[in-house]
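The primary structure of each chain is shown beneath.
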Amino acid sequence: MPSIYHVRDISPERMAKYLKVILHENEHAPMFKGSWDYRKWAKDNAGIMETEKKMHLNIQRLAKRLNEDKTIYSLDEKEGQWSDTGRVNKYSPMVKVGNWQEQRDVAEEDLNRFLRLRERGQLMIQKTREIIGQNLRPISMAPKKAVRFGEKVQLIARHAKTFKERGKQDGLSLSCVLTGYATAEMCQPIIQGTVLSASPLIAPCVRNVFQLLPWKEEEIFGGKADDRLKFGQDFVLRYIGTPESQPYYVSVVPNRMIPAGNNSRHPEVFLHSRKCWANVWRAYNGDPSKRKETMGQAIYGGQDVILSSANINRCLCCETECWFTTFFGLECEATAYTYYNVYGAESTNNVWYFN
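Residues numbered from 1 in each chain as written. Predicted model: local features only at pLDDT ≥ 70, side-chain atom pairs only at ≥ 80, totals over all residues. Heavy atoms only, no water.

Student: Looking at this structure, how should I read the overall build of the protein chain?
Tutor: Secondary structure assignment for the protein chain yields six helices and 13 strands. When burial is assessed residue by residue, the protein chain has 41% of its 355 residues classed as buried. Long-range pairs, those at least 24 residues apart, make up 68% of the contacts in the protein chain with a sequence separation of at least 6. About 21,200 Å² of surface is accessible on the protein chain, with carbon and sulfur atoms providing 51% of the total. (Helix = DSSP H or I, 4+ residues; strand = E, 2+ residues; numbered from the N terminus. Buried < 20%, exposed > 50% of the residue type's maximum accessible area, 1.4 Å probe, protein only. Contact = heavy atoms within 4.5 Å. Areas by Shrake-Rupley, 256 points an atom, 1.4 Å probe, with all protein chains shown as cover.)

Student: Would you take a moment to explain the state of the cysteines for this structure?
Tutor: Disulfide: a covalent bond formed between the sulfur atoms of two cysteine residues. By the definition in use, this model includes zero disulfides. Distance from the sulfur of Cys176, which forms no disulfide, to the nearest cysteine sulfur (Cys205) is 9.5 Å. The class for Cys176 is buried, based on a relative accessible area of 1%. Looking at Cys318, it has no disulfide partner, and the nearest cysteine sulfur is the one in Cys332, 5.2 Å off. (Disulfide = S-S within 2.5 Å.)

Student: Just to check I follow, could you spell out the side chain of Glu331 for this structure?
Tutor: Along the chain, Glu331 turns up in strand S12 (residues 329-336). Within the structure, Glu331 has its side chain in polar contact with the side chain of Ser197 (distance 2.5 Å). Polar contacts involving the side chain of Glu331 include one to the side chain of Ser199, which spans 3.2 Å. Ignoring any residue separated from it by four or fewer positions in sequence, one finds Glu331 in contact with Val177, Ser197, Ala198, Ser199, Pro200, Arg207, Cys322, Trp323, Phe324 and Thr326. (Polar contact = N/O pair within 3.5 Å; in protein donor to acceptor, adjacent residues only side chain to side chain.)

Student: What exactly am I supposed to notice about helix H4 (residues 100-120) here?
Tutor: Since the α-helix turns once every 3.6 residues, residues separated by three or four places project in the same direction. Over its 21 residues, H4 runs 30 Å from end to end, which matches the ideal 30 Å to within 8%, given 1.5 Å per residue. After H4 finishes, the residue Gly121 shows a positive phi value of roughly 75 degrees. (Expected span 1.5 Å × (residues − 1).)

Student: Would you take a moment to explain the nonpolar core for this structure?
Tutor: In a soluble, globular protein the nonpolar side chains are often hidden away together inside. If you look at the biggest cluster of nonpolar residues, it comprises 45 residues, and the most contacted ones within it are Phe235, Leu307 and Phe354. For Phe354, the residues in contact, after removing those within four places along its chain, are Val147, Val153, Gln154, Leu155, Leu229, Phe235, Ile299, Gly301, Gly302, Gln303, Val305 and Leu307. (Core = buried A, V, L, I, M, F, W, Y, C linked by side-chain atoms within 4.5 Å.)

Student: Help me out: how do you make sense of a nonpolar patch on the surface in this one?
Tutor: Among the surface-exposed residues, Leu111, Phe114 and Leu115 lie close enough to one another that they form a single nonpolar patch of about 250 Å² accessible area. Inspection of the secondary structure assignment puts Leu111 in helix H4. Since its relative accessible area comes to 48%, Leu111 is described here as partly exposed. (Patch = residues over 30% accessible without salt bridge, like charges linked within 9 Å, V, L, I, M, F, W, Y side chains within 5 Å. Salt bridge = Lys/Arg side-chain N within 4 Å of Asp/Glu carboxyl O.)

Student: Explain the pattern of salt bridges here, please?
Tutor: Pairs may arise between side chains of opposite charge once their charged atoms sit close together. One pass over the structure, following the stated rule, counts six salt bridges. With its nearest N and O atoms 2.7 Å apart, the salt bridge here joins Arg148 to Asp227. Taken together, the residues Arg148 in the loop between helix H5 (124-135) and strand S1 (152-153) and Asp227 in the loop between helix H6 (218-221) and strand S6 (234-239) connect sequence positions 79 residues apart. Residue Arg148 is classed as partly exposed on the basis of its relative accessible area, which comes to 32%. Overall, the relative accessible area of 23% leaves Asp227 in the partly exposed class. The salt bridge involving Glu331 is made with Arg207; its shortest N-O contact spans 3.0 Å. A residue pair is termed long-range when its members are at least 10 positions apart, and Glu331 in strand S12 and Arg207 in the loop between strand S4 (196-199) and strand S5 (210-214) qualify at 124 residues. Each member of the pair, Glu331 as well as Arg207, is classed as buried.

Student: Explanation requested: the pairing of strand S8 (residues 269-272) in the structure shown.
Tutor: Side-chain positions along a regular strand alternate between the two faces of the sheet. Judged by which residues are buried, S8 turns out to be covered on both faces: Val269 and Leu271 on one side and Phe270 and His272 on the other are all buried. Of the pairings in the sheet, the one linking strand S7 (residues 249-252) to S8 comprises four bridges and is antiparallel in character. Opposite Tyr249, over in S8, you have His272 as the bridge partner. (Pairing = 2+ DSSP bridges.)

Student: Please explain the packing of aromatic side chains as it appears in this structure.
Tutor: Remark: the centre distance and the inter-plane angle together describe each pair of aromatic rings, the angle taken between the planes. Evaluated as defined, the whole model comprises four aromatic pairs. Plain terms: the ring middles of Trp215 and Trp277 are 5.7 Å apart, the flat faces sit at 75 degrees to each other, and that makes the pair edge-to-face. Taken together, the residues Trp215 in the loop between S5 and H6 and Trp277 in the loop between S8 and strand S9 (281-285) connect sequence positions 62 residues apart. Residue Trp215 is classed as partly exposed on the basis of its relative accessible area of 22%. Its relative accessible area of 36% is what places Trp277 among the partly exposed residues. Measuring from centroid to centroid gives 4.9 Å for Tyr337 and Tyr339, while their planes differ by 70 degrees, and the two rings are edge-to-face. For Tyr337, a relative accessible area of 28% translates into the label partly exposed. The lysine or arginine in question, Arg158, covers the ring of Tyr353, its NZ or CZ lying 4.4 Å from the ring centre. (Phe/Tyr/Trp six-rings, centres within 6.5 Å; stacked < 30°, edge-to-face > 60°. Lys NZ or Arg CZ within 6 Å of the ring centre and 35° of its normal.)

Listed below in C-alpha cells is the structure:
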C-alpha cells in the first residue's frame, strides 16, 4: 500500500463499519453498541477531523488491519460530508503490471532446469570440456630413431597441399573423427565404423596417436630380438583411445556402397573392432628409385614412406580437395587411393612418415 492515503467522502454506514475497528484506539471516541449516528458523533467530536493529518493516521491504521481492501479514499473539501461513489486508480509506481507472476515462475523453472543439467553433467560447456578432455588429451612421445612394434606412433603427411586460407602448415596427421555433427550436443564417442581424417592438428593427442602392432604376434613375441618395423612387413595400427579389451584397428574395405558424406568417392579408412586382413598395412620407401633395394631394411622416424593396404592394394591418401567440418574444425578426408604424378610415382598426398 502507498505511504500516503487520500480520503474521499464515504457514507456514514460504511465509515461506521470501519470505525468499529479503530475507535477503541481513539480516546475521543468511546466504544459503542448497536446503531450509531455518525453525524451527531462528528458534530460533538469535531476535533477529530480538524486536520487532514489525523485522518491520514487513522486510515493508515485501518489499512494495516484490512489489507484485503484496496480502495483509496480522499477527504472532501466540505467537512463532515462522506461518500463512496468514486474509486481512484489503485496502481502506483510500486505496483507490478503485466504477467509478472508467470515471468517469475518461468525464470525459476529455467534456474531449476539449469541446476538439474549441471548436476547430471549435461550442460553444453560440460559436454564440450569432456569431449576435449577425452580426444585432445596430450600424449608424451619420445623421439625415436627406428620405428618399433609396441610403440605409439603418428602418421603425418608433411608434403600434402592445403588451401591458402590456412597459411603455412606442418602437415596433416591421421586422426579419428567424432561420429555425428560438429556440435558437442550431437557428437558421439569413438565406436566401430568411425572414419578417419587428415587433420591440421598434429600435436600428439589421443585422437591422432596409434599403437604399432605386428600382424603376427610371434614375430616379436616368439623370441626374436629385432622388433623394428621393416619395409614390406605386415603391421596393424590400434587406436589408443579405448582399452586393450576393446581394441579398434585402422581398416579399409572396397567400396560397395558410397556413403553420403564421401565426396572423393574413394574407399574410406575407418576403425574396426575385429582383427582381420582388412587391418593389415605395408610400408614402402617413399623414393621409388630406392624402393627395391631398401626392402627388408628398418624404418626410421621421419623417413618418407608409402602405406599400402594389403586388402585392396591401394595407398593411404589424404584428400586435400575434399574438406569437411568436424568438431575440431576443417579436416580433409583420409581414403585408400593412389594418386600418380606425371612421372608415374605416387603423389605427395600418399607420402607419410612415422613420428
